[in-house]
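Next come the chains, spelled out residue by residue.
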Amino acid sequence: MKAIVITTPGGPEVLQLQEVDDPEVKDNEVLIKVEATALNRADTLQRKGSYPPPKGASPYLGLECSGTIQAIGKDVSRWKVGDQVCALLSGGGYAEKVAVPAGQVLPIPPGVSLKDAGGLPEVACTVWSTVFMMSHLSAGETFLVHGGSSGIGTFAIQIAKAKGAKVFVTAGSEEKLASCKNLGADVCINYKTEDFVARVKEETGGKGVDVILDCVGAAYLQRNLDSLNFDGRLCIIGMQSGAVTEIKLNTLLPKRLTVQGAALRPRTPENKAMVVNEVEKNVWPEFAAGTVKPITHKAFPLSEAGEAHRLMESSEHIGKILLVP
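Conventions and cut-offs
- Residues numbered from 1 in each chain as written.
- Predicted model: local features only at pLDDT ≥ 70, side-chain atom pairs only at ≥ 80, totals over all residues.
- Heavy atoms only, no water.
- 1 Å grid on protein atoms, 1.4 Å probe; cavity = no way out; pocket = protein on both sides within 12 Å on 5 of 7 lines; lining within 4 Å.
- Points joined across faces, edges and corners; volume = space filled by probe spheres on them.
- Helix = DSSP H or I, 4+ residues; strand = E, 2+ residues; numbered from the N terminus.
- Nonpolar A, V, L, I, M, F, W, Y, C, P; charged D, E, K, R; others polar.
- UniProt positions renumbered as here; feature names shortened; annotations may be inferred.
- Disulfide = S-S within 2.5 Å.
- Buried < 20%, exposed > 50% of the residue type's maximum accessible area, 1.4 Å probe, protein only.
- Domains from an automatic or database assignment.
- Contact = heavy atoms within 4.5 Å.
- Buried area = accessible area lost by both parts, 1.4 Å probe.
- Salt bridge = Lys/Arg side-chain N within 4 Å of Asp/Glu carboxyl O.
- Polar contact = N/O pair within 3.5 Å; in protein donor to acceptor, adjacent residues only side chain to side chain.
- Pairing = 2+ DSSP bridges.
- Axes fitted to C-alpha atoms, helices over the stretch in contact; angles between N-to-C directions.

Going by what an unreviewed UniProt entry lists, the protein is known as Alcohol dehydrogenase superfamily, zinc-type and is assigned to Corchorus olitorius.

Empty space within the second largest pocket amounts to approximately 650 Å³. Taken together, 32 residues form the lining of the second largest pocket, with Glu 29, Gly 56, Ala 57, Ser 58 and Ala 99 sitting closest to its centre. Taken together, the elements giving at least two residues each to the lining of the second largest pocket come down to strand E6 (97-101) and helix H8 (269-282). Looking at the lining of the second largest pocket residue by residue, the class counts come to 14 nonpolar, eight polar and 10 charged.

Our focus in this paragraph is the UniProt feature "domain: Enoyl reductase (ER)" (unreviewed entry) in the protein. As annotated in UniProt, the feature "domain: Enoyl reductase (ER)" (unreviewed entry) corresponds to residues 10-323 in the numbering used here. For residues 10-323, the helix share is 29%, the strand share is 26%, and the end-to-end C-alpha distance is 20 Å.

On to the state of the cysteines. According to the stated counting rule, one finds zero disulfides in the structure shown. No disulfide involves Cys 188; its sulfur sits 5.7 Å from the nearest other cysteine sulfur, which is in Cys 180. Looking at the unpaired Cys 235, the closest cysteine sulfur is the one in Cys 215, lying at 12 Å. Relative accessible area serves as the criterion here: at 1%, Cys 235 is assigned to the buried category.

For the protein, the assigned domains read domain 1 (2-122 + 265-323) and domain 2 (135-261). The gap between the C-alpha centroids of domain 1 and domain 2 is 27 Å. Opposite the 14 residues of domain 1 that make contact, domain 2 presents 14 residues. Contact between domain 1 and domain 2 buries roughly 1200 Å² in total, counting both sides, with carbon and sulfur atoms accounting for 62%. Summed over the shared surface of domain 1 and domain 2, the number is one salt bridge. We note a salt bridge from Lys 163 to Glu 286, for which the minimum N-O separation is 2.9 Å. At the boundary of domain 1 with domain 2, the tally comes to five residue pairs in polar contact (both at pLDDT 80 or more).

Now for unusual backbone geometry. At His 136, a position not held by glycine, the phi torsion is positive, near 55 degrees. Even without being glycine, Ser 315 reaches a positive phi, approximately 60 degrees. Looking at the element boundaries, Ser 315 is found in the loop between helix H10 (305-314) and strand E15 (320-324).

Attention now goes to the sheet that holds strand E8 (residues 142-146). Read from one edge of the open sheet, six strands run E10-E9-E8-E11-E12-E13, paired in parallel fashion. The open sheet has two edge strands with one neighbour each: strand E10 (187-190) and strand E13 (258-261). In this sheet, adjacent strand axes meet at a mean angle of 15 degrees when their direction is disregarded. Packed on one face of the sheet, helix H2 (residues 121-134) meets E8, strand E11 (209-214), strand E12 (228-236) and E13 and runs near 155 degrees to E11.

Set out below in C-alpha coordinates:
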(Lines give C-alpha, C1' and ligand atoms only; values in the text may rest on other atoms or scores of the structure.)
Protein backbone atom coordinates (compact mmCIF):
# COMPACT_ATOMS: atom_id res chain seq x y z
CA MET A 1 0.00 0.00 0.00
CA LYS A 2 0.97 3.65 -0.18
CA ALA A 3 1.51 5.67 3.00
CA ILE A 4 2.99 9.00 4.03
CA VAL A 5 6.44 8.45 5.52
CA ILE A 6 8.39 10.90 7.72
CA THR A 7 11.71 10.66 5.86
CA THR A 8 13.53 12.53 8.65
CA PRO A 9 12.20 14.72 11.49
CA GLY A 10 11.57 18.24 10.20
CA GLY A 11 9.23 20.56 8.31
CA PRO A 12 6.26 19.65 6.11
CA GLU A 13 8.63 18.87 3.19
CA VAL A 14 9.84 15.66 4.94
CA LEU A 15 6.47 13.96 4.35
CA GLN A 16 6.64 11.67 1.32
CA LEU A 17 4.21 9.19 -0.21
CA GLN A 18 5.95 5.81 -0.43
CA GLU A 19 5.14 2.17 -1.06
CA VAL A 20 5.11 0.28 2.27
CA ASP A 21 3.99 -3.10 3.60
CA ASP A 22 0.30 -3.67 4.30
CA PRO A 23 -0.56 -3.67 8.02
CA GLU A 24 -0.97 -7.03 9.75
CA VAL A 25 -4.44 -7.63 11.16
CA LYS A 26 -4.54 -9.09 14.68
CA ASP A 27 -7.38 -11.31 15.93
CA ASN A 28 -9.22 -8.40 17.59
CA GLU A 29 -8.70 -5.93 14.74
CA VAL A 30 -10.31 -4.90 11.47
CA LEU A 31 -8.54 -3.73 8.31
CA ILE A 32 -9.99 -0.51 6.89
CA LYS A 33 -9.53 0.70 3.32
CA VAL A 34 -9.16 4.41 4.06
CA GLU A 35 -11.61 6.86 2.48
CA ALA A 36 -10.27 9.85 4.43
CA THR A 37 -8.04 10.68 7.38
CA ALA A 38 -7.72 14.03 9.17
CA LEU A 39 -4.92 16.16 10.57
CA ASN A 40 -4.42 16.72 14.28
CA ARG A 41 -1.84 18.96 16.00
CA ALA A 42 -0.15 15.82 17.32
CA ASP A 43 0.74 14.90 13.72
CA THR A 44 2.84 18.06 13.31
CA LEU A 45 4.64 17.29 16.59
CA GLN A 46 5.32 13.69 15.51
CA ARG A 47 6.63 14.96 12.16
CA LYS A 48 9.14 17.16 14.05
CA GLY A 49 10.25 14.19 16.16
CA SER A 50 8.81 15.46 19.44
CA TYR A 51 5.80 13.12 19.85
CA PRO A 52 6.75 9.49 19.10
CA PRO A 53 3.97 6.95 18.56
CA PRO A 54 3.07 4.74 21.55
CA LYS A 55 4.72 1.31 21.80
CA GLY A 56 3.24 -1.09 19.25
CA ALA A 57 1.44 1.63 17.26
CA SER A 58 1.83 2.21 13.53
CA PRO A 59 4.91 4.32 12.67
CA TYR A 60 2.77 6.36 10.27
CA LEU A 61 0.82 9.51 11.08
CA GLY A 62 -2.95 9.71 11.37
CA LEU A 63 -5.09 9.42 14.52
CA GLU A 64 -8.49 8.88 12.85
CA CYS A 65 -9.99 7.73 9.58
CA SER A 66 -13.09 6.65 7.75
CA GLY A 67 -13.44 3.91 5.16
CA THR A 68 -14.67 0.42 4.34
CA ILE A 69 -13.78 -2.75 6.23
CA GLN A 70 -11.69 -5.06 4.02
CA ALA A 71 -10.86 -7.84 6.50
CA ILE A 72 -11.65 -8.83 10.09
CA GLY A 73 -9.72 -10.75 12.75
CA LYS A 74 -11.15 -14.04 14.04
CA ASP A 75 -12.29 -12.55 17.36
CA VAL A 76 -14.30 -9.70 15.80
CA SER A 77 -18.08 -10.14 15.98
CA ARG A 78 -19.74 -6.73 15.53
CA TRP A 79 -18.23 -5.76 12.16
CA LYS A 80 -18.20 -7.47 8.77
CA VAL A 81 -16.36 -6.97 5.49
CA GLY A 82 -17.98 -4.15 3.50
CA ASP A 83 -19.17 -2.13 6.50
CA GLN A 84 -18.62 1.62 6.18
CA VAL A 85 -17.06 2.91 9.39
CA CYS A 86 -14.84 5.51 11.03
CA ALA A 87 -12.23 4.81 13.69
CA LEU A 88 -10.03 6.25 16.43
CA LEU A 89 -6.41 5.26 15.69
CA SER A 90 -3.10 5.22 17.57
CA GLY A 91 -1.50 6.01 14.22
CA GLY A 92 -1.50 4.82 10.61
CA GLY A 93 -4.30 6.90 9.11
CA TYR A 94 -2.09 8.60 6.47
CA ALA A 95 -2.23 5.44 4.33
CA GLU A 96 -4.43 3.49 1.96
CA LYS A 97 -5.16 0.86 4.63
CA VAL A 98 -5.00 0.72 8.42
CA ALA A 99 -5.54 -2.00 11.06
CA VAL A 100 -7.38 -0.95 14.23
CA PRO A 101 -8.84 -2.73 17.31
CA ALA A 102 -12.54 -3.42 16.69
CA GLY A 103 -13.48 -1.54 19.90
CA GLN A 104 -12.20 1.72 18.40
CA VAL A 105 -14.48 1.50 15.36
CA LEU A 106 -17.74 3.44 14.98
CA PRO A 107 -20.54 3.34 12.42
CA ILE A 108 -20.80 6.39 10.15
CA PRO A 109 -23.16 8.81 11.93
CA PRO A 110 -26.56 9.41 10.31
CA GLY A 111 -26.49 12.14 7.67
CA VAL A 112 -22.67 12.32 7.47
CA SER A 113 -20.72 11.42 4.29
CA LEU A 114 -18.10 8.67 4.44
CA LYS A 115 -15.40 11.27 3.63
CA ASP A 116 -16.43 13.84 6.27
CA ALA A 117 -16.64 11.10 8.90
CA GLY A 118 -12.85 10.78 8.63
CA GLY A 119 -12.53 13.95 10.69
CA LEU A 120 -14.91 12.98 13.51
CA PRO A 121 -13.47 10.25 15.80
CA GLU A 122 -10.57 12.20 17.35
CA VAL A 123 -12.55 15.38 18.06
CA ALA A 124 -15.64 13.53 19.28
CA CYS A 125 -13.63 11.24 21.58
CA THR A 126 -11.42 14.08 22.85
CA VAL A 127 -14.28 16.46 23.63
CA TRP A 128 -16.67 13.89 25.06
CA SER A 129 -14.01 12.23 27.26
CA THR A 130 -12.76 15.56 28.68
CA VAL A 131 -15.62 18.07 28.80
CA PHE A 132 -18.32 15.55 29.69
CA MET A 133 -16.80 12.37 31.16
CA MET A 134 -14.08 14.15 33.20
CA SER A 135 -15.35 17.70 33.75
CA HIS A 136 -19.06 16.77 33.84
CA LEU A 137 -20.37 19.79 31.92
CA SER A 138 -24.15 19.81 32.38
CA ALA A 139 -27.17 21.70 31.10
CA GLY A 140 -27.39 25.26 32.38
CA GLU A 141 -23.64 25.56 33.01
CA THR A 142 -21.18 27.86 31.20
CA PHE A 143 -18.31 26.53 29.06
CA LEU A 144 -15.26 28.22 27.52
CA VAL A 145 -13.26 26.60 24.71
CA HIS A 146 -10.03 28.19 23.49
CA GLY A 147 -9.31 27.91 19.78
CA GLY A 148 -13.01 27.88 18.96
CA SER A 149 -12.43 27.62 15.19
CA SER A 150 -10.17 24.54 15.40
CA GLY A 151 -11.39 21.01 14.76
CA ILE A 152 -11.78 20.49 18.52
CA GLY A 153 -13.35 23.93 18.97
CA THR A 154 -15.95 23.68 16.21
CA PHE A 155 -17.06 20.31 17.55
CA ALA A 156 -17.02 21.40 21.22
CA ILE A 157 -19.25 24.42 20.51
CA GLN A 158 -21.89 22.24 18.87
CA ILE A 159 -21.99 19.40 21.39
CA ALA A 160 -21.93 21.75 24.40
CA LYS A 161 -24.87 23.72 22.94
CA ALA A 162 -26.71 20.48 22.15
CA LYS A 163 -26.34 19.43 25.80
CA GLY A 164 -27.69 22.76 27.09
CA ALA A 165 -24.59 24.78 28.05
CA LYS A 166 -23.87 28.46 27.39
CA VAL A 167 -20.74 28.56 25.21
CA PHE A 168 -17.85 31.05 25.27
CA VAL A 169 -15.02 30.87 22.70
CA THR A 170 -11.74 32.58 21.98
CA ALA A 171 -10.29 32.88 18.47
CA GLY A 172 -7.86 35.19 16.70
CA SER A 173 -9.85 36.78 13.85
CA GLU A 174 -13.29 38.20 13.18
CA GLU A 175 -13.84 35.59 10.43
CA LYS A 176 -13.12 32.77 12.88
CA LEU A 177 -15.38 34.32 15.53
CA ALA A 178 -18.20 34.66 12.98
CA SER A 179 -17.89 30.94 12.19
CA CYS A 180 -18.04 30.12 15.91
CA LYS A 181 -21.15 32.28 16.29
CA ASN A 182 -22.80 30.50 13.34
CA LEU A 183 -22.16 27.18 15.10
CA GLY A 184 -23.96 28.43 18.20
CA ALA A 185 -21.30 30.10 20.38
CA ASP A 186 -22.98 32.65 22.69
CA VAL A 187 -19.94 34.80 23.57
CA CYS A 188 -17.12 35.20 21.03
CA ILE A 189 -13.86 36.78 22.24
CA ASN A 190 -10.98 37.95 20.03
CA TYR A 191 -7.96 37.06 22.18
CA LYS A 192 -5.75 39.39 20.13
CA THR A 193 -7.77 42.51 20.98
CA GLU A 194 -9.57 41.58 24.22
CA ASP A 195 -8.65 40.22 27.65
CA PHE A 196 -10.65 37.00 27.82
CA VAL A 197 -10.64 36.98 31.65
CA ALA A 198 -12.26 40.42 31.82
CA ARG A 199 -14.83 39.53 29.16
CA VAL A 200 -15.73 36.22 30.85
CA LYS A 201 -16.22 38.02 34.18
CA GLU A 202 -18.31 40.73 32.51
CA GLU A 203 -20.57 38.21 30.75
CA THR A 204 -21.08 36.07 33.89
CA GLY A 205 -21.76 38.85 36.39
CA GLY A 206 -18.31 38.45 37.91
CA LYS A 207 -18.69 34.70 38.57
CA GLY A 208 -16.66 33.05 35.80
CA VAL A 209 -17.41 29.94 33.73
CA ASP A 210 -17.93 26.40 35.03
CA VAL A 211 -15.75 24.44 32.60
CA ILE A 212 -12.79 25.40 30.36
CA LEU A 213 -11.22 23.25 27.62
CA ASP A 214 -7.69 24.53 26.95
CA CYS A 215 -5.14 23.64 24.28
CA VAL A 216 -2.81 26.59 24.98
CA GLY A 217 -1.15 25.41 28.19
CA ALA A 218 1.40 27.40 30.20
CA ALA A 219 0.61 30.95 29.05
CA TYR A 220 -3.10 30.57 29.85
CA LEU A 221 -3.00 28.55 33.08
CA GLN A 222 -3.33 31.37 35.63
CA ARG A 223 -5.74 33.30 33.41
CA ASN A 224 -7.91 30.19 33.04
CA LEU A 225 -8.02 29.77 36.83
CA ASP A 226 -8.97 33.45 37.14
CA SER A 227 -11.82 32.82 34.66
CA LEU A 228 -13.43 29.95 36.60
CA ASN A 229 -16.52 30.01 38.79
CA PHE A 230 -16.68 28.33 42.21
CA ASP A 231 -16.28 24.54 41.74
CA GLY A 232 -14.96 25.26 38.23
CA ARG A 233 -13.11 22.63 36.18
CA LEU A 234 -10.19 23.31 33.83
CA CYS A 235 -9.24 20.53 31.42
CA ILE A 236 -5.90 20.97 29.62
CA ILE A 237 -5.44 19.00 26.38
CA GLY A 238 -2.54 20.87 24.76
CA MET A 239 0.60 22.85 25.47
CA GLN A 240 0.90 25.09 22.42
CA SER A 241 2.47 27.87 24.53
CA GLY A 242 4.72 25.59 26.58
CA ALA A 243 4.60 23.14 29.48
CA VAL A 244 6.05 25.01 32.46
CA THR A 245 4.51 27.89 34.39
CA GLU A 246 3.65 29.14 37.89
CA ILE A 247 0.20 29.50 39.44
CA LYS A 248 -1.14 31.22 42.52
CA LEU A 249 -2.54 28.48 44.74
CA ASN A 250 -4.68 31.09 46.49
CA THR A 251 -6.80 31.19 43.30
CA LEU A 252 -7.38 27.46 43.50
CA LEU A 253 -8.30 26.91 47.14
CA PRO A 254 -11.10 29.36 47.96
CA LYS A 255 -12.93 28.59 44.69
CA ARG A 256 -12.50 24.77 45.03
CA LEU A 257 -11.10 24.56 41.49
CA THR A 258 -10.14 21.36 39.68
CA VAL A 259 -7.31 21.24 37.14
CA GLN A 260 -7.27 18.15 34.91
CA GLY A 261 -5.08 17.01 32.05
CA ALA A 262 -5.90 14.49 29.36
CA ALA A 263 -4.45 12.90 26.25
CA LEU A 264 -6.27 10.41 24.07
CA ARG A 265 -3.44 8.68 22.23
CA PRO A 266 -1.61 7.14 25.25
CA ARG A 267 -4.81 5.56 26.64
CA THR A 268 -5.03 1.75 26.56
CA PRO A 269 -7.13 0.08 23.85
CA GLU A 270 -9.62 -0.91 26.58
CA ASN A 271 -9.92 2.70 27.73
CA LYS A 272 -10.29 3.95 24.16
CA ALA A 273 -13.02 1.36 23.52
CA MET A 274 -14.89 2.64 26.57
CA VAL A 275 -14.66 6.24 25.30
CA VAL A 276 -15.73 5.20 21.78
CA ASN A 277 -18.72 3.36 23.24
CA GLU A 278 -19.77 6.46 25.22
CA VAL A 279 -19.39 8.63 22.10
CA GLU A 280 -21.61 6.33 20.05
CA LYS A 281 -24.24 6.36 22.80
CA ASN A 282 -24.19 10.09 23.62
CA VAL A 283 -22.83 11.97 20.59
CA TRP A 284 -23.93 10.00 17.51
CA PRO A 285 -27.68 10.65 18.19
CA GLU A 286 -26.93 14.40 17.93
CA PHE A 287 -25.87 13.89 14.29
CA ALA A 288 -29.18 12.14 13.62
CA ALA A 289 -31.01 15.06 15.28
CA GLY A 290 -29.05 17.58 13.18
CA THR A 291 -27.71 19.41 16.25
CA VAL A 292 -24.09 18.51 15.43
CA LYS A 293 -22.45 18.36 11.99
CA PRO A 294 -18.89 17.83 10.72
CA ILE A 295 -16.97 21.01 9.86
CA THR A 296 -14.45 20.31 7.09
CA HIS A 297 -12.21 23.17 5.97
CA LYS A 298 -10.48 21.44 3.06
CA ALA A 299 -9.57 18.00 1.74
CA PHE A 300 -6.13 17.37 0.17
CA PRO A 301 -4.95 14.31 -1.77
CA LEU A 302 -2.81 12.09 0.49
CA SER A 303 0.24 12.92 -1.66
CA GLU A 304 -0.12 16.59 -0.61
CA ALA A 305 0.18 15.88 3.14
CA GLY A 306 2.99 18.44 3.38
CA GLU A 307 0.71 21.20 2.03
CA ALA A 308 -2.00 20.14 4.48
CA HIS A 309 0.51 20.42 7.37
CA ARG A 310 1.51 23.91 6.17
CA LEU A 311 -2.14 24.96 6.30
CA MET A 312 -2.59 23.55 9.81
CA GLU A 313 0.56 25.29 11.07
CA SER A 314 -0.61 28.60 9.55
CA SER A 315 -3.76 28.29 11.75
CA GLU A 316 -5.81 29.81 8.93
CA HIS A 317 -8.24 26.88 8.80
CA ILE A 318 -11.70 26.63 10.38
CA GLY A 319 -12.66 23.05 11.28
CA LYS A 320 -10.93 19.90 10.11
CA ILE A 321 -8.36 19.33 7.33
CA LEU A 322 -8.75 15.98 5.56
CA LEU A 323 -6.40 13.80 3.49
CA VAL A 324 -7.90 11.49 0.88
CA PRO A 325 -5.86 8.53 -0.51
